[in-house]
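# Results of the structural survey
This is what each chain is made of:
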There are 2 protein chains.
Amino acid sequence: MTGIEKSVLFRVANPRSIVFFGGSNNIGAMGTNILMSLLALGFEGSVFPVHPKEKIVQGLTAYTSVLDLPAVPDLAVIVLPTALVNPTLKQCGQKGIRNAVVVSGGFKEVGGQGPELERQMVEICRDHGITLVGPNCLGVANPHHKLNTTFLPFEGKPGFIGLASQSGSFLTQMFNYMARHGIGFSTAFSVGNSACIDLVDCLRYLEACPHTKVITLYIEGLARGREFAEAARRISRSKPIVALYVGGSAAGRKAGSSHTGAMAGPDRLYDGIFRQAGIIRAASLTELFDFAWVLGSQPAPQGAGVLIQTHSGGPGAVAADAVGRAGLELPELSAATLEALQPFIPHTGSVANPVDLTFTKNHLDFFEAIPRVLLRDENTAMLMVYFLTPLPLIHRALSQMGVSADQIEAEAEKVAAEQARAFAGVYRQAGKPVVGYSWRGIEERFYQVLMENGVPLFADPQRAARALAALVRYHREKDGPQAVKPF
Amino acid sequence: MTGIEKSVLFRVANPRSIVFFGGSNNIGAMGTNILMSLLALGFEGSVFPVHPKEKIVQGLTAYTSVLDLPAVPDLAVIVLPTALVNPTLKQCGQKGIRNAVVVSGGFKEVGGQGPELERQMVEICRDHGITLVGPNCLGVANPHHKLNTTFLPFEGKPGFIGLASQSGSFLTQMFNYMARHGIGFSTAFSVGNSACIDLVDCLRYLEACPHTKVITLYIEGLARGREFAEAARRISRSKPIVALYVGGSAAGRKAGSSHTGAMAGPDRLYDGIFRQAGIIRAASLTELFDFAWVLGSQPAPQGAGVLIQTHSGGPGAVAADAVGRAGLELPELSAATLEALQPFIPHTGSVANPVDLTFTKNHLDFFEAIPRVLLRDENTAMLMVYFLTPLPLIHRALSQMGVSADQIEAEAEKVAAEQARAFAGVYRQAGKPVVGYSWRGIEERFYQVLMENGVPLFADPQRAARALAALVRYHREKDGPQAVKPF
């Protein structure tokens, strides 16, 4: 633990106990849903619900006031009507609670009394030394600590992607997306209106967090531009930072502003800040997580050359096109590689790059012998593989071999899993970046096994190529052009 | 049938009987796999396998020579070693067969004897009046006719997307992709080396094909540029054409050329051809089918204004940003719409565009009452909806209602399907383009029902916005700016 305990956010993300306001036995209430998410993940500390009337809330003993609690919890989570938030926060301060997540909205992001209420909130925090995340946020998900203060139950496994987001949706509504892709959050913060804690504080926490290998940011507008750029510049030398900024277009700016009241600026301005700070900009939410997946899982490439392995010309050609458009190179294969490949390539196959194997005789070669040869190629810094699990063909083959109809599905899954494990073994030994692409559904066993073994998979070669380009760019900027050949 | 019988490709795509060369009982052979695909789809005409030794091939009576067949089939499918192709084709001609698909490779796309063999092939076709698709292709999939001469078994249902492709993979390897998205091919052609039949012929067939509502093209290079542009210009007035061209980058050009021997040119040249011909260019294979989905299923928009419906700020903001960047507009809501929305919007929600409902009290309103109001808005030409099926929340609610654990999954699916059907009903009545986006998996029942009812769904709002922009562009160019307000 590299000083993470010293972070102002340490007990927000790693509380030992929580007082919860706004949870009840009414499942229609937002607070109830958040409390249920927290309990469903199996939070191991004490949870104290506070409720004016209920004696038992979601199976837990409830208290009528925070002042009645038998202990001083590390963190308060507040999901109450706007008018009740500040009085409650003040009571928390009186009780000695030093960390709070305010989920409730109705502050700076709306008109009328909102901004004044938020000013008063900041004052209460100052008076009582409270570290506050929000308001108008979903707080924190730290699956490594079994903490989830968001609306939806956590899915999947703890992971290596840190997130600081001006939208709570991009924590809670991404659990399912990430679980399906075999990735997960290390710790994710929803900063909401950033009344006290903002993206800069979260960046510093994620810098110190040992689980975080890559940091993602969702930005609608920055208030502390200089501090942000300085922190990011330092952090990006040790951990890659990827950002999605939506305030650059007039449409995005307007939508973002009504969302969290953030101040946005033109694209150009943010491009400049990001460039100076070593932040890689993503063009969409999909790309944000694509980039993070590759940056957080793949080793530093020793160049910008991508080798494409395929058994179909079209998928190879679109991948080559995507690699070229992403600014990467398609190196020629070395003489040694060409010779080593000879036994595997039919006369209709191509030994250029893409390596197009068309119809390989031994199907397993595609997953083991061939990538092993390709990853040894000295001109090849990275490998991009077109994965078509021919599940229907495996079904056919098994049926022809006399496997009974009710066994075929299970047997086919076994075969597919073996192929994926064979490839994963080659990948682990190689120490070079590898990504896959396919137009089939990643829920198939073959892809699940590949992802479990750390191979990022994309539904389009364009996404794979752009993620590899982000990887090259990151290491080129961090380690200088001598480490990665310029492209 | 608008003259489709007159098309030179009519009996290639709609044969009444087929002679098949290269199928056997050896499941490792490519020909066997193609024959199995053909039989698996339930082709209703006669299939005559020709095999030198086997008497029965895949359960069918086999013949030692095409000359022995008891009838003259409409189509020959040839999957033989290169050297056997031309002699076989000649025998087909002698038998009186007038249509052929040559899957075998080893012709113009390779060096040595290849080009000369292909020249001889063309001569045989000319001598015998044979319409030939290929060589080095996968032929045709016409699921409306239960025809599939490709490697993989057909999945899903017949659809409205026509395809002419210089890669066979983008027929056969897309069956699964399209089936998962609830779309399908009307008829798809793999032209391979285009020795006789090329993209232009396919375009003309798809123009006449009554099942085809939109035409997609995968292009590595054009030989008959002028004929292509002329045909496309005429056809695009009645059917949208979307093209993916990969020869524009140096990398794509090189890969494509070794694939089918096609002649590629720079991006600029193709951009010019496409613009003149009214063809919409896609930037990736994913986008090719995204555009086709929306162009083939959605009505003409009466403007460029997109209304975004969401219940989360972040997903709304990224969608607004994507709409802006795609060149579309985000209109203000009319006074009548604002008034009609009043009962549904909580005080934390936003009645700007995006319409952000945050936490709606009656969850079903999001799927029925609210989109009904929004689709009546006079400034709204198109609706883009963020769909988060809160499956986990439905599970929670059912559990709280006392539904037993083993019933919950089925009950939750029922609830989700009802919500999707409610939305689909509103969509059908509105007569305006509607698309959805979500980061959850489309295999969930909610999304499946939406797609079955004709609502295109995208895994990212950027893809949804770009597809709507393609729709607007198509109708603006076809019907003139008076039909669709310029943007």
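Since we're looking at a predicted model, the values are computed, not measured.

Now for the overall build of chain A. Each helix and strand in chain A was counted, giving 18 helices and 19 strands. Seen through its C-alpha atoms, chain A measures out along the principal axes to roughly 80 × 55 × 40 Å. Residue burial in chain A is summarised as follows: out of 487 residues, 63% are buried. Expressed as a percentage of contacts within chain A between residues at least 6 apart in sequence, the contacts between residues at least 24 apart total 72%. Summed over all atoms, the accessible surface of chain A reaches about 17400 Å², with 52% contributed by carbon and sulfur.

What follows deals with the packing of helix 12 (residues 313–325) of chain A against helix 18 (residues 461–479) of chain A. Residues and elements named next belong to chain A. Close contact between helix 12 and helix 18 brings their axes to 8 Å; oriented N to C, the two are set at 35 degrees. Helix 12 and helix 18 meet at a crossing whose hand is right-handed. Here V318, A319, A322 and V323 of helix 12 lie close against helix 18, whose contacting residues are P461, Q462 and A465. Taken together, the residues of the contact of helix 12 with helix 18 sort by class into 6 nonpolar, 1 polar and no charged.

Turning our attention to the nonpolar core. Formed by 290 residues in total, the largest nonpolar core has its most connected members in M384 of chain A together with M384 of chain B. In this structure, V102, V122, C125 and L132 of chain B belong to the second largest nonpolar core, which totals 25 residues.

Here we come to the interface of chain A and chain B. In many reports, interface size means the accessible area that the parts give up when they come together. At the interface, 76 residues of chain A touch 76 residues of chain B. With both chains or domains summed, chain A and chain B bury close to 5600 Å², and 58% of this area falls on carbon and sulfur atoms. Here chain A is connected to chain B by 4 salt bridges. A salt bridge links R440 of chain B to E155 of chain A, with the nearest nitrogen and oxygen atoms 3.9 Å apart. Considering every element that reaches the side of chain A that touches chain B, the biggest residue donor is helix 12 of chain A, with 9 residues. Taken together, the residues of the side of chain A that touches chain B break down into 32 nonpolar, 30 polar and 14 charged.

What follows deals with the pattern of salt bridges. One pass over the structure, following the stated rule, counts 38 salt bridges over all chains. One salt bridge in this structure joins E207 of chain A and R234 of chain A, with 2.8 Å as the shortest N-O distance. Highlighted residues: E207 of chain A in helix 7 (residues 199–208) and R234 of chain A in helix 8 (residues 225–235), separated in sequence by 27 residues. By relative accessible area, which is 39% here, R234 of chain A ends up partly exposed. One salt-bridge network, held together by shared partners, links D267, D271 and R281 of chain A together with D321 and R325 of chain B.

All names here are of chain B. Within the secondary structure layout, A71 lies in the loop between strand 4 (60–61) and strand 5 (75–78). A residue is classified by how much of its surface remains accessible, and A71, at 35% relative accessible area, is partly exposed. Once you skip the residues sitting within four places of it in the chain, A71 turns out to touch F48 and K95.

Turning to the relation of the copies chain A and chain B, a few remarks are in order. Its rotation angle being 180 degrees, the transformation that places chain A on chain B also includes 0.0 Å of axial translation and leaves an RMSD of 0.0 Å. Taken together, the rotation and translation describe the operation of a two-fold axis. Mapped onto chain B, 100% of the interface residues of chain A again fall at the interface, so both copies present the same surface.

It is worth spelling out the environment of E444 of chain A at this point. You can see E444 of chain A is positioned in the loop between strand 18 (434–437) and helix 17 (445–452). On a C-alpha basis, the gap between E444 of chain A and L391 of chain A in space is 8.9 Å, while along the polypeptide they are 53 residues apart. Other than its neighbours up to four places away in sequence, E444 of chain A contacts T389 and L391 of chain A together with N176 of chain B.

The next point concerns unusual backbone geometry. The omega torsion across N353 of chain A and P354 of chain A is 5 degrees, close enough to zero to call that bond cis. Considering the arrangement of structural elements, one finds P354 of chain A in the loop between helix 13 (335–341) and strand 16 (355–356). Cis peptide bonds are those with omega within 30 degrees of zero, and the linkage from G134 of chain B to P135 of chain B qualifies with -5 degrees. Here P135 of chain B shows up in the loop between strand 7 (131–133) and strand 8 (139–142).

All names here are of chain A. Where helix 8 meets helix 10 (residues 267–277), the axes come as close as 8 Å, and the angle between the chain directions of the two elements is 35 degrees. Along its contact with helix 8, which presents F228, A229, A232 and R233, the element helix 10 presents I273, F274, Q276 and A277. Residue composition of the contact of helix 8 with helix 10, by class: 6 nonpolar, 1 polar and 1 charged.

What counts, and at which threshold
Residues numbered from 1 in each chain as written. Chains lettered and ligands numbered in written order. Predicted model: local features only at pLDDT ≥ 70, side-chain atom pairs only at ≥ 80, totals over all residues. Heavy atoms only, no water. Helix = DSSP H or I, 4+ residues; strand = E, 2+ residues; numbered from the N terminus. Buried < 20%, exposed > 50% of the residue type's maximum accessible area, 1.4 Å probe, protein only. Contact = heavy atoms within 4.5 Å. Areas by Shrake-Rupley, 256 points an atom, 1.4 Å probe, with all protein chains shown as cover. Axes fitted to C-alpha atoms, helices over the stretch in contact; angles between N-to-C directions. Left-handed = near helix turned anticlockwise from the far one by under 90°. Nonpolar A, V, L, I, M, F, W, Y, C, P; charged D, E, K, R; others polar. Core = buried A, V, L, I, M, F, W, Y, C linked by side-chain atoms within 4.5 Å. Buried area = accessible area lost by both parts, 1.4 Å probe. Salt bridge = Lys/Arg side-chain N within 4 Å of Asp/Glu carboxyl O. Least-squares fit on C-alpha atoms with pLDDT ≥ 70 in both.

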